[in-house]
Amino acid sequence: MYHSPNPLISFTSFRERSFNREAPRFSETSVPFENNKLFFGPPTVTSDAAWKSLFPKGRGFVSLSNPVHGKQDKKQDFSVSGIHQYHCLFTVREYFDKAIRAITPDVASTSNITEEEIDHVYHCIEYLRQAVLCAADPALDLAEPVPGHPGLVSALGWGTTHRCRDYGKLMDWAETNRRSNSQTLLHHWNENPDIHH
């Protein structure tokens with residue numbers, strides 16, 4: 001059985017508890033998925049700025065009153081799931097680029113990926129896997145024949161319209177209820193006492 005070297009991921013205190021709390025429900029809208037070149041590909045100054053623009057202040061951690069026995073008790077910290085999912089995707093993107101640079105001889109490697117970073121990616125991939133199952137998006141992506149490969153089809157998903165909640169409103173709500181003003185997106189767990197995803 002795999003044991004995580006990251007104490008923030010291998011903790012057990014929350015595994016026996018379940019939470020049934022949500023941010024306010026926001027309206028849905030139809031959004032076609034398109035290949036947005038601003039976000040696509042390896043990290044650059046421009047693409048990093050685009051990705052980071054979708055993170056609210058506080059990094060999606062909120063502090064809310066926790067009602068106990070019919071009265072407002074102390075504040076409870078939560079991570080907004082939709083923003084956590086986005087953080088995981090951001091993490092996969094960043095560390096994937098580092099891994100590619102480490103194994104590709106013609107690409108300069110500027111840093112080595114640590115065990116904690118690898119474990120963080122495993123966490124994010126699993127979190128996203130469960131998020132995909134939870135969302136169970138019923139939209140249908142058009143599958144088209146792959147040229148030169150008879151009988152093989154492929155679907156990129158571009159052009160498919162999805163029913164989506166308003167991420168901007170979720171981001172605004174999380175920022176209004178933020179636990180802190182932190183905007184650090186990637187860091188080692190032991191470098192910052194703030195709560196981490």
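Attention in this report is confined to the structure presented alongside it. (Residues numbered from 1 in each chain as written. Predicted model: local features only at pLDDT ≥ 70, side-chain atom pairs only at ≥ 80, totals over all residues. Heavy atoms only, no water.)

## Some details on the pattern of salt bridges
The line we're drawing: A pairing counts as a salt bridge when a side-chain nitrogen of Lys or Arg comes within 4 Å of a carboxyl oxygen of Asp or Glu. A 1.4 Å probe rolled over the protein chains alone gives each residue an accessible area, and that area as a share of the maximum for its type sets the label: buried under 20%, exposed over 50%, partly exposed in between.
In the structure shown here, the tally under the stated rule is 5 salt bridges. For the salt bridge of Arg93 with Glu94, the shortest nitrogen-to-oxygen distance reads 2.8 Å. Classification of Glu94 as buried rests on a relative accessible area of 15%. Sharing partners across several salt bridges, the network here consists of Asp48, Arg93 and Glu94.

## Regarding the packing of helix 3 (residues 81-103) against helix 4 (residues 115-135)
The condition is simple: Note on definitions: angles span 0 to 180 degrees between N-to-C directions of axes, and those axes are lines fitted to C-alpha atoms, for helices only across the stretch in contact. A run of H or I in DSSP counts as a helix once it spans at least four residues, and a run of E counts as a strand once it spans at least two, with each numbered from the N terminus. We call two directions roughly parallel when the angle between them is under 35 degrees, roughly antiparallel when it is over 145, roughly perpendicular when it lies between 65 and 115, and oblique otherwise. Working rule for handedness: look at the near helix, and if it is turned counterclockwise from the far one by less than a right angle, call the crossing left-handed; if clockwise, right-handed. What makes two residues a contact is simply this: any of their non-hydrogen atoms within 4.5 Å. Residues are grouped as follows: nonpolar covers Ala, Val, Leu, Ile, Met, Phe, Trp, Tyr, Cys and Pro; charged covers Asp, Glu, Lys and Arg; every other residue, Gly included, is treated as polar.
Orientation of helix 3 relative to helix 4, taken along the N-to-C sense of each, is 135 degrees, at an axis distance of 9 Å. Between helix 3 and helix 4, the crossing angle belongs to the class labelled oblique. Where helix 3 crosses over helix 4, the two elements pack in a sense that is left-handed. Counting all contacts with helix 3, which are made through Ser81, His84, Gln85, His87, Cys88, Leu89, Thr91, Val92, Tyr95 and Lys98, the residues of helix 4 involved are Glu117, His120, Val121, His123, Cys124, Ile125, Tyr127, Leu128 and Ala131. Among the residues making up the contact of helix 3 with helix 4, the classes are represented as 10 nonpolar, 7 polar and 2 charged.

## Considerations on helix 4
Put simply, the test is: Multiplying 1.5 Å by the residue count of a helix minus one yields the expected span of that helix.
For helix 4, which comprises 21 residues, the first-to-last C-alpha distance of 30 Å matches the rise-based estimate of 30 Å (1.5 Å per residue) to within 8%. One or two positions beyond helix 4, positive phi appears at Ala136, with a value near 40 degrees.

## Things to note about the environment of Ser182
Within the secondary structure layout, Ser182 lies in the segment after helix 5 (167-176). Owing to a relative accessible area of 14%, Ser182 belongs among the buried residues under this scheme. Expressed as a C-alpha distance, the spacing of Ser182 and Arg59, which sit 123 residues apart in the sequence, is 6.6 Å.

## Overview of unusual backbone geometry
The phi dihedral of Arg59 is positive, around 60 degrees, even though this residue is not glycine. Within the secondary structure, Arg59 is located in the loop between helix 2 (45-52) and strand 2 (61-68). One non-glycine residue, Ala136, adopts positive backbone phi at about 40 degrees. Relative to the helices and strands, Ala136 resides in the loop between helix 4 and strand 4 (144-145).

## A word on the packing of aromatic side chains
We apply this condition: Any Phe, Tyr or Trp ring, taking Trp's six-membered ring, that has another such ring centre within 6.5 Å forms a pair; planes under 30 degrees apart are called stacked, those over 60 apart edge-to-face, and the others tilted.
The final tally for this structure, using the stated rule, is 6 aromatic pairs. For the ring pair Phe39 and Trp51, a centre distance of 6.1 Å and an interplane angle of 65 degrees mean the geometry is edge-to-face. On the criterion of sequence distance, the pair formed by Phe39 in the loop between strand 1 (28-32) and helix 2 and Trp51 in helix 2 is long-range, its members being 12 residues apart. Exposure remark for Phe39: the relative accessible area of 23% places this residue in the partly exposed category.

## Quick word on the pairing of strand 6 (residues 161-165)
Walk down a regular strand and you will see the side chains alternate between the two sheet faces. Counted only if it meets this: Only strands joined by at least two bridges in the DSSP assignment are considered to pair.
Side chains His162 and Cys164 project from strand 6 onto a buried face, and the interleaved Thr161, Arg163 and Arg165 project onto a face without burial. Taken together, the 5 bridges between strand 1 and strand 6 define a ladder with antiparallel strand orientation. Bridge pairing in strand 6 places Thr29 opposite Cys164.

## Here we look at the state of the cysteines
Which entries qualify depends on this criterion: We call a pair of cysteine sulfur atoms a disulfide whenever their separation is within 2.5 Å.
Evaluation of the coordinates by the stated rule reveals 0 disulfides. With no disulfide of its own, Cys124 lies closest to Cys88 among cysteine sulfurs, the gap being 3.1 Å. Residue Cys124 is classed as buried on the basis of its relative accessible area, which comes to 0%.

From the geometry alone we can't say anything about function, so treat these as descriptive.
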